[in-house]
Amino acid sequence: MFDDLVILFTYSKNGDVKEVSFWENYSGSDFKADVLFEANSVSKRLKLTLTPFEELRTIDIRICCSYKFDQTGKVLINGYQSWSSTHEYFTNEKMKGLPSFAAPLKKTHKIDKYGDYTFHKYSNKKGCFHGYTYGYIRNGQHFSLLGSLTEKNGFTIIEYNTSESRISIVKECEELFISTPYEAFDMIWAEGSEAFVFNTYFNAMHLPAPTCKPMNGWTSWYNYYQKINEAIILNNLENIQKADHTPGIFQIDDGFQTAVGDWLSINADKFPNGMKYMADRIKAAGLKAGLWLAPFVCEKHSLIYREKKEWLLKDSKGAPVAAGCNWSGSYALDIYNDEVRAYIRHVFSVVLGEWGYDLVKLDFLYAACLLPRSDKTRGSIMTEAMQFLRECAGDKLILGCGVPLGPSFGLVDYCRIGCDIGLDWDANAFMRLLIRERVSTRNAINDTIARRQLNGRAFLNDPDVFLMRDSNLKLSEIQKRTLFIVNYLFGSLLFTSDNTAGYNDVKWAIFNMTGRTVPRAISKVEQYRNGLVEVFYIEEGENLLALINPGKRKLKYIGGPALGREIIYGSSSNPPTQRNGIVELKACEARLFRLT
């Protein structure tokens, strides 16, 4: 990698479009380029800085090189933001964008605002993929990682074309005007084992190690959604205290406020004693108090939208920028408006200071960078937005959600690394054809597995909730257990939304596992073409194997004589040893085994 590269810079000067190609330091009539290449026994690094001699309008900056893909290899594609589907593709698979029949939904439901559909094209061809910030090419247990060390000057989009044996690294910078030195890329390439390449990548970023601890807890969303009130919250608080170990966090989600955006206007009918009272009750029970906010958006029915139109982010025609179809309509705030920043600071001061919450779950954060500026790319805006939130929160805990991950590295304590789970497994056929950010338990499981390497390096991973209740839920018992196993193996923030009053001994035994401080070391993860995921891990000194079948077909696994007794969480039974090494997996099923 980087051995036969060419750099292409397309720009406009005084209305004339020019394209220049080079592969080393360059100086022309309009700009000079400094190409710094470093290599050692661990990795290769490439930095590109462009210095214009007068103002230029960037159109495209990319690094191109050839790469021979193995037909049996796989490519990890990191989605645009938390909810964007992320998984390993085989090199002859197809990555799909928005289908043509979804065009009306872009107008009515603004579904294109949740991902990268407005600024990056999907080819919809076999072997053509693109991801953000980092990715890898994998052949067996050999990983070749390509990653950006910063997104402060623009998102880094890594394009793979396996049929043409080509990799392109593209900087999201269209329509950016530059007149001073612009660092377009700071890339690293590392080869070796999975742990080695990710340690090399994150060590090069010099991020502070996460100081927060793995925790379990409760959140209101996936049972009550916006239909919460003081009685419901306190009832759940009382019930969850019956756990063997006091849970870590008790988080109140959307529904306490009169409207999204009006965070300090509390719905008095729902919470007559206010939100400080709720935080005090939670903390008196020995848990950390958490509260949900979406600081960069407001809904159409909010006072902000009606009375503070100057706070809204506006497009070139002066129209408010929609951030999606949630609530009564979701609109982005302009984070460079001084009054908006003052308002957000005040909200954080009240929530974390006066009310005393220990954690804020910050959601729909992608809205900050929906619209680039002439002097800032989307990546720049998102990075500055995350730095601003960290400043506002101080040393209180942040759980990021709905956020492009690269700009959040080292700035949030916990981060959602997948889409929202659903109350069923994978929605209906129509929804499965739509956006990559859709609600899906199956997709959330895939995302959790694919982004496992971020846990403990960039932040602690939040895989979303596990659910075990018997009502208000369409997941089967098999699906519930699979969701728990994946979250337990790969997550560090283990939430449920169940009212635990309905738990029997088995469910309590499973929940109590999340309160144990038992480290799990993932040794190897392999995903096969039939969808089967094989996870080798070590827990309490034992070598264990998880077999996960996220699909809706039965699968057979032939593992050989090393398979020992099956482990069934929450059960004291002692299943027989798998003597022939053959395991049948039902649809959506995960099973655990000791290895002999």
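Description of the structure in this document. None of these values were measured; they are calculated from a predicted model. (Residues numbered from 1 in each chain as written. Predicted model: local features only at pLDDT ≥ 70, side-chain atom pairs only at ≥ 80, totals over all residues. Heavy atoms only, no water.)

## Structural notes on the sheet that holds strand β33 (residues 590–595)
Then comes step 1: Strand order in the open sheet formed by 5 strands is β27-β28-β29-β33-β31, with antiparallel pairing between adjacent strands. Both edges of this open sheet fall to β27 (520–527) and β31 (563–567), since each of them pairs with a single strand only. In this sheet, adjacent strand axes meet at a mean angle of 30 degrees when their direction is disregarded.
Then comes step 2: Note: strand β28 (residues 533–539) against strand β29 (residues 542–548), 7 bridges, orientation antiparallel. Looking at β29, one finds that Glu 539 is bridged to Glu 542.
Then comes step 3: Set on the sheet, helix α11 (residues 477–490) makes contact with β27, β28, β29 and β33; between it and β27 the angle comes to about 120 degrees. (Pairing = 2+ DSSP bridges. Helix = DSSP H or I, 4+ residues; strand = E, 2+ residues; numbered from the N terminus. Axes fitted to C-alpha atoms, helices over the stretch in contact; angles between N-to-C directions. Contact = heavy atoms within 4.5 Å.)

## Regarding unusual backbone geometry
Then comes step 1: Even without being glycine, Thr 133 reaches a positive phi, approximately 75 degrees.
Then comes step 2: Take Thr 133: it is sitting in the loop between β9 (128–132) and β10 (134–139).
Then comes step 3: Its relative accessible area of 3% is what places Thr 133 among the buried residues.
Then comes step 4: Positive phi values are uncommon outside glycine, yet Ser 165 reaches one of about 55 degrees.
Then comes step 5: Turning to its location among the elements, Ser 165 is positioned in the loop between β12 (156–161) and β13 (166–171).
Then comes step 6: Classification of Ser 165 as partly exposed rests on a relative accessible area of 27%. (Buried < 20%, exposed > 50% of the residue type's maximum accessible area, 1.4 Å probe, protein only.)

## Focus: the pattern of salt bridges
Pairs can form between side chains of opposite charge once their charged atoms are near each other.
Then comes step 1: All told, the structure shown has 35 salt bridges when counted by the stated rule.
Then comes step 2: Between Glu 526 and Arg 138 there is a salt bridge, with its nearest N and O atoms 3.3 Å apart. Within this pair, whereas Glu 526 is found in strand β27, its partner Arg 138 is found in strand β10, the two being separated by 388 residues in sequence. The pair Glu 526 / Arg 138 is uniform in exposure class, with both members buried.
Then comes step 3: For the salt bridge of Arg 594 with Glu 542, the shortest nitrogen-to-oxygen distance reads 2.8 Å. Placement of Arg 594 in strand β33 and of Glu 542 in strand β29 is noted, with a sequence separation of 52 residues between them.
Then comes step 4: Residue class for Arg 594 comes out partly exposed when judged on its relative accessible area of 32%.
Then comes step 5: What makes Glu 542 partly exposed here is its relative accessible area of 33%.
Then comes step 6: Each of the salt bridges in this network shares a partner with another, and the network as a whole consists of Lys 13, Lys 18, Asp 30 and Glu 54. (Salt bridge = Lys/Arg side-chain N within 4 Å of Asp/Glu carboxyl O.)

## Here we look at the side chain of Asp 116
Then comes step 1: Among the secondary structure elements, Asp 116 is positioned in the loop between α1 (103–108) and β9.
Then comes step 2: Here Asp 116 occupies a buried position and makes no salt bridge, while the nearest side chain of opposite charge, Arg 436, is found at 4.7 Å.
Then comes step 3: Polar contacts involving the side chain of Asp 116 include one to the side chain of Tyr 122, which spans 2.6 Å.
Then comes step 4: If near-sequence neighbours (up to four positions away) are discounted, Asp 116 is found in contact with Tyr 80, Tyr 122, His 130 and Tyr 132. (Lys, Arg positive; Asp, Glu negative; His and termini not counted. Polar contact = N/O pair within 3.5 Å; in protein donor to acceptor, adjacent residues only side chain to side chain.)

## Points about the sheet that holds strand β11 (residues 142–148)
Then comes step 1: In space, the 8 strands of this open sheet follow the order β3-β4-β5-β15-β11-β10-β7-β8, with antiparallel pairing throughout. Looking along the sheet, the strands with just one partner apiece sit at the ends: β3 (26–27) and β8 (87–90).
Then comes step 2: As defined by bridge partners, β10 adjoins β11 across 6 bridges and the pair is classed as antiparallel. Its bridge partner lying in β11, Ile 137 is registered against Ser 144.
Then comes step 3: Contacts from helix α2 (residues 194–205) reach β5 (43–52), β10, β11 and β15 (182–192), with the element oriented near 155 degrees to β15.

## Some details on the side chain of Ser 168
Then comes step 1: Position of Ser 168 among the secondary structure elements: in strand β13.
Then comes step 2: The exposure class assigned to Ser 168 is buried, which follows from its relative accessible area of 4%.

## Some words on the packing of aromatic side chains
Then comes step 1: One pass over the structure, following the stated rule, counts 47 aromatic pairs.
Then comes step 2: On the numbers, 5.0 Å between centres and 65 degrees between planes, the contact of Tyr 67 with Phe 69 is edge-to-face. Accessibility classification places Tyr 67 together with Phe 69 in one group, the buried group.
Then comes step 3: Pairing Tyr 136 with Phe 143 gives two aromatic rings, centres 4.9 Å apart and planes at 70 degrees, and the pair type is edge-to-face.
Then comes step 4: For Tyr 136, a relative accessible area of 0% puts it in the buried group.
Then comes step 5: The rings of Trp 83, Tyr 114, Phe 256, Trp 263, Trp 292, Trp 327, Phe 364 and Tyr 366 are connected pair by pair, giving a single aromatic cluster.
Then comes step 6: Taking the ring centre of Tyr 336 as reference, the NZ or CZ of Arg 373 above it sits at 4.5 Å. (Phe/Tyr/Trp six-rings, centres within 6.5 Å; stacked < 30°, edge-to-face > 60°. Lys NZ or Arg CZ within 6 Å of the ring centre and 35° of its normal.)

## Structural notes on the nonpolar core
Then comes step 1: Counting 197 residues, the largest nonpolar core has Phe 22, Leu 48, Phe 348, Tyr 357, Phe 409 and Tyr 569 as its most contacted members.
Then comes step 2: The contacts of Tyr 569, once residues within four sequence positions are left out, are Arg 481, Phe 484, Ile 485, Tyr 488, Ile 510, Met 513, Tyr 537, Glu 539 and Leu 592.
Then comes step 3: With 9 residues, the next largest nonpolar core counts Leu 547, Leu 555, Leu 563 and Phe 593 among its residues. (Core = buried A, V, L, I, M, F, W, Y, C linked by side-chain atoms within 4.5 Å.)

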